[in-house]
Amino acid sequence: MGILERIKEIEAEMARTQKNKATEYHLGQLKAKLAKLRTQLLEPPKGSSGGGDGFEVTKFGHGRVALIGFPSVGKSTLLTMLTGTHSEAASYEFTTLTCIPGIIHYNDTKIQLLDLPGIIEGASEGKGRGRQVIAVAKSSDLVLMVLDASKSEGHRQILTRELEAVGLRLNKRPPQIYFKRKKTGGISFNTTVPLTHIDEKLCYQILHEYKIHNAEVLFREDATVDDLIDVIEGNRKYIKCVYVYNKIDVVGIDDVDNLARQPNSLVISCNLKLNLDRLLARMWEEMGLVRVYTKPQGQQPDFSDPVVLSTDRGGCTVEDFCNHIHRSLLKDVKYVLVWGTSARHYPQHCGLSHGLQDEDVVQIVKKKEKEEGGRGRFKSHTNAPDRISDRVKKAPLKT
């Protein structure tokens, strides 16, 4: 029996099993088996060299945004309108067959926008180049899930289910669970909060399913079985997602109002160019990019070319700012002067752990090189030899 058949068999058994206190341990074991099989499905076949036939797109700019959706929902049209890059759009499905990149120039930054081929149900199992599309989405900082406002709400659930099947967690944060494998000592189970979804026996069964018999587990929140499996797998990607409903010009105003009020949702119309400015502002807000301007000593700040930082790409502290400029700069920093919203007063003397905010101005003050032996008439170091016998003797005076 192949991996796909075993996955379908476990899913069918989970569907017909009633959910109650008596079956929660059995369901937990089935979820662990399902996660193991899906991980095996994503691994490259044995004996193959290389990563497969994915889309080769070089990272460019200060952030990367991926457009994901069903065929013919307006992804190519949206890319053309936001970036100016031509992406072929037609009235038939699967017009885009490869990844087409474009660059958005917004707030003195460059954001890479990727137009990916449309994915269909079963993409996590490899249908319609679904794995390659999802692999590119894993390397993105933000996912824009483009949906058709005139279609049913089931499309959003299908896409979310396909992305979660391959390890993408949309609009979630990593669970507060500490997990570490050990060589000996058995399983140590501890918790700092009352648990309502999982207990010690179920945790042991899931760990034994992964053939883990020596480990340390600490729950810092009321987590579920799925959260524990995600931590054990260790290959999950937690990414932000905005649900973009296109073609709002073909539905009623009440439907548009209902879609716009859903969480993490935005409504646009590429045909009438409606709400595209709000889409750019929402992308900027979700990505959390921080522009920091430099100020040389004794000169005006340089507002033309900012240093762009983000929490997902390194961090937003003064130390990250110095590393972004040059790695060797950090050891020469004496202190930093900061102007902006992160400073309590202007200017503020800050250390390397100070957190920077958008449009801050930073001036780096370096350590001065110490002169050995003092200076001026207090200078104690001379170039003469230490021993008198080694000094050059003066010529005798002429008499």
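Because the structure is predicted, anything quoted here is derived from the model rather than measured.

Trainee: With reference to specific residues and values, describe the overall build of the protein.
Mentor: Secondary structure summary: the protein contains ten helices and 15 strands in total. The buried share of the protein, reckoned over its 399 residues, is 42%. For the protein, restricting intrachain contacts to residue pairs at least 6 apart in sequence, the fraction spanning at least 24 positions comes to 64%. A total of about 23,500 Å² of accessible surface is found on the protein, and carbon and sulfur atoms cover 50% of it.

Trainee: Give a detailed account of the packing of aromatic side chains, specifying residues and quantitative values.
Mentor: Summed over the entire model, instances satisfying the criterion amount to three aromatic pairs. For the pair F189 and F219, a centre-to-centre distance of 5.6 Å together with 55° between the ring planes defines the contact as tilted. Placement of F189 in strand β7 (residues 187-191) and of F219 in strand β8 (residues 215-219) is noted, with a sequence separation of 30 residues between them. Note on F189: relative accessible area 16%, which makes it buried. Take F219: its relative accessible area is 0%, and that puts it in the buried class. Taken together, a centroid distance of 5.1 Å and an interplanar angle of 65° make the contact between Y293 and F303 edge-to-face. Remark: F303 occurs in strand β12 (residues 302-309) and Y293 occurs in strand β11 (residues 290-294); sequence separation between them is ten residues. Over the ring of Y243 we find R156, and its NZ or CZ is 3.6 Å from the ring centre.

Trainee: Tell me about the packing of helix α6 (residues 200-209) against helix α7 (residues 225-233), residues and numbers included.
Mentor: Across the interface, α6 lies against α7 with an axial gap of 11 Å and an inter-helix angle of 35°. For the crossing formed where α6 meets α7, the hand is right-handed. Contacts between α6 and α7 pair L202, C203, I206 and L207 from the former with V225, L228, I229 and I232 from the latter. Of the residues that constitute the contact of α6 with α7, the class distribution is eight nonpolar, no polar and no charged.

Trainee: Tell me about the nonpolar core, and name the residues and values.
Mentor: Formed by 55 residues in total, the largest nonpolar core has its most connected members in V65, L78, L144, M145, L279 and M283. Residue contacts for L279: discarding those within four places in its chain leaves L78, L82, L144, V244, L266 and I268. Counting 22 residues, the second-largest nonpolar core is a separate cluster that includes F189, F219, L228 and I229.

Trainee: Can you explain the sheet that holds β7? Please cite residues and give values.
Mentor: Strand order in this open sheet of three strands is β6-β8-β7, and the pairing throughout is mixed. Pairing within the sheet leaves two strands with one partner each, and these edge strands are β6 (177-181) and β7. With direction set aside, neighbouring strand axes in the sheet form an average angle of 5°. Two elements, β6 and β8, share five bridges in a ladder whose sense is antiparallel. The residue of β8 that forms the bridge with R181 is A215. Packing against the sheet, α6 makes contact with β6, β7 and β8, and its axis sits at approximately 140° to β7. Against the sheet, α7 contacts β6 and β8, and its axis sits at roughly 40° relative to β6.

Trainee: Before we move on, could you go through the packing of helix α3 (residues 75-83) against helix α9 (residues 276-287) and cite the residues and values that matter?
Mentor: Taken N-terminus to C-terminus, the directions of α3 and α9 make an angle of 85°; their axes are 12 Å apart at the nearest point. In this view, α3 runs roughly perpendicular relative to α9, as classed from their interaxial angle. The residues of α9 that touch α3, namely those facing L78, M81 and L82, are L276, L279 and L280. Taken together, the residues of the contact of α3 with α9 sort by class into six nonpolar, no polar and no charged.

Trainee: Summarise the side chain of D141; cite the residues concerned and give the values.
Mentor: Structurally, D141 is set in the loop between α4 (130-138) and β4 (142-148). Since its relative accessible area comes to 14%, D141 is described here as buried. Reaching out from D141, the side chain makes a polar contact with the side chain of R313 at a distance of 3.1 Å. When near neighbours in sequence (up to four residues on either side) are disregarded, D141 contacts G63, R64, I239, M287, D312 and R313.

Trainee: Residue-level account of the environment of H354, with values.
Mentor: Along the chain, H354 turns up in the loop between β14 (348-350) and β15 (360-366). In the structure, H354 is positioned 37 residues away from T317 in sequence and 5.5 Å away in space, judged by C-alpha atoms. Aside from chain neighbours lying at most four places away, what touches H354 is C316, T317, V318, V338 and S342. Only 3.2 Å separates the side chain of H354 from the side chain of S342, close enough to count as a polar contact.

Trainee: I'd like a rundown of empty space enclosed by the protein, residues and numbers included.
Mentor: To locate leftover empty space, one rolls a probe as large as a water molecule over the atoms. One pass over the structure, following the stated rule, counts one cavity of 30 Å³ or more. Reported here for the largest cavity is a volume of approximately 30 Å³. In terms of lining residues, the largest cavity is bounded by H62, G63, D141, M287, L289, S310, D312 and R313. Here the lining of the largest cavity is built from residues that sort into two nonpolar, three polar and three charged.

Trainee: So what about the pattern of salt bridges? Which residues, and what values?
Mentor: In the structure shown here, the tally under the stated rule is 13 salt bridges. Residue R236 pairs with D230 through a salt bridge whose shortest N-O separation is 2.9 Å. By relative accessible area, R236 is classed as buried at 18%. Note on D230: relative accessible area 8%, which makes it buried. Taken together, the salt bridges that share partners define one network made up of D148, K151 and K247.

Calculation criteria
Residues numbered from 1 in each chain as written. Predicted model: local features only at pLDDT ≥ 70, side-chain atom pairs only at ≥ 80, totals over all residues. Heavy atoms only, no water. Helix = DSSP H or I, 4+ residues; strand = E, 2+ residues; numbered from the N terminus. Buried < 20%, exposed > 50% of the residue type's maximum accessible area, 1.4 Å probe, protein only. Contact = heavy atoms within 4.5 Å. Areas by Shrake-Rupley, 256 points an atom, 1.4 Å probe, with all protein chains shown as cover. Phe/Tyr/Trp six-rings, centres within 6.5 Å; stacked < 30°, edge-to-face > 60°. Lys NZ or Arg CZ within 6 Å of the ring centre and 35° of its normal. Axes fitted to C-alpha atoms, helices over the stretch in contact; angles between N-to-C directions. Left-handed = near helix turned anticlockwise from the far one by under 90°. Nonpolar A, V, L, I, M, F, W, Y, C, P; charged D, E, K, R; others polar. Core = buried A, V, L, I, M, F, W, Y, C linked by side-chain atoms within 4.5 Å. Pairing = 2+ DSSP bridges. Parallel < 35°, antiparallel > 145°, perpendicular 65-115°, else oblique. Polar contact = N/O pair within 3.5 Å; in protein donor to acceptor, adjacent residues only side chain to side chain. 1 Å grid on protein atoms, 1.4 Å probe; cavity = no way out; pocket = protein on both sides within 12 Å on 5 of 7 lines; lining within 4 Å. Points joined across faces, edges and corners; volume = space filled by probe spheres on them. Salt bridge = Lys/Arg side-chain N within 4 Å of Asp/Glu carboxyl O.

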